[in-house]
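# Inside the fold
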Amino acid sequence: RAIDVGGGSETAYTAPAKTVPSSGTWLQAGAYKSESGANRLATQLVNAGLSPVAIHRDGGLFRVRMGPFEGDYEIEQVIDRTVELGFERPHRVKR
């Protein structure tokens, strides 16, 4: 199941000089009111080897997302690995 969202802006966390593709299925790992909270989670995800990671600013929230991913197999692998590493289960977001 994916949530279709639009609007907002996104910033590549791991490679700020590159443009992050906006289409595909993303896995949202968290949403924060503060950018520092989003940065903290993004750093933890990248350090755990879960990348690419992007912070998407949408209204008053900073959403931490992994992806985009193309296929269900890859998505399920990343979800399983995220949970194995002790993070909350991310949910799918379709852009």
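Note: the structure precedes this text.
These lines cover the structure that appears in this document, whether it is placed above or below. What you are looking at is a predicted structure, and each value in this text was computed from that prediction instead of being measured.

## Observations regarding helix H2 (residues 72-84)
- Here H2 contains 13 residues, and its C-alpha end-to-end distance of 18 Å stays within 8% of the 18 Å for a straight helix at 1.5 Å per residue.
- If you check which residues of H2 are buried, you get Ile-75, Val-78, Ile-79 and Thr-82. One side of H2 carries all its buried residues, which in axial view fall inside an arc of 100°. In H2, the exposed positions angled more than 90 degrees off the buried face are occupied by Tyr-73 and Glu-84.
- Looking one or two residues beyond H2, the residue adopting positive phi is Gly-86, at roughly 95°.

## Examining the pattern of salt bridges
- A complete count under the given rule lists four salt bridges for this structure.
- Two residues, Arg-92 and Asp-72, come together in a salt bridge whose shortest N-O distance is 2.9 Å. Linking Arg-92 in strand S6 (residues 91-94) with Asp-72 in helix H2, this pair joins segments that are 20 residues apart in sequence.
- The class of Arg-92 is buried, set by a relative accessible area of 15%.

## Considering helix H1 (residues 35-47)
- The end-to-end C-alpha distance of H1, which contains 13 residues, comes to 18 Å, matching closely the 18 Å that a straight helix rising 1.5 Å per residue would cover.
- Against strand S3 (25-32), strand S4 (53-58) and strand S5 (61-69) lie the buried residues of H1.
- Gly-49 occupies a position one or two residues after H1 and carries a positive phi of about 85°.

## Side note on the pairing of S4
- As defined by bridge partners, S4 adjoins S5 across six bridges and the pair is classed as antiparallel. In the strand pairing of S5, Ile-55 is matched with Val-64.
- Here S4 hands over to S5 after two residues, with Gly-59 in that stretch at a positive phi of 65°.

## Observations concerning unusual backbone geometry
- A cis amide bond links Ser-51 with the next residue in sequence, Pro-52, at an omega value of 10°.
- Tracing the sequence through the fold places Pro-52 in the loop between H1 and S4.
- In this chain, Gly-67 is followed by Pro-68 through a cis amide linkage whose omega measures 10°.
- Note that Pro-68 resides in strand S5.

Conventions adopted
Residues numbered from 1 in each chain as written. Predicted model: local features only at pLDDT ≥ 70, side-chain atom pairs only at ≥ 80, totals over all residues. Heavy atoms only, no water. Helix = DSSP H or I, 4+ residues; strand = E, 2+ residues; numbered from the N terminus. Expected span 1.5 Å × (residues − 1). Buried < 20%, exposed > 50% of the residue type's maximum accessible area, 1.4 Å probe, protein only. Arc of directions from axis to C-beta. Salt bridge = Lys/Arg side-chain N within 4 Å of Asp/Glu carboxyl O. Contact = heavy atoms within 4.5 Å. Pairing = 2+ DSSP bridges.

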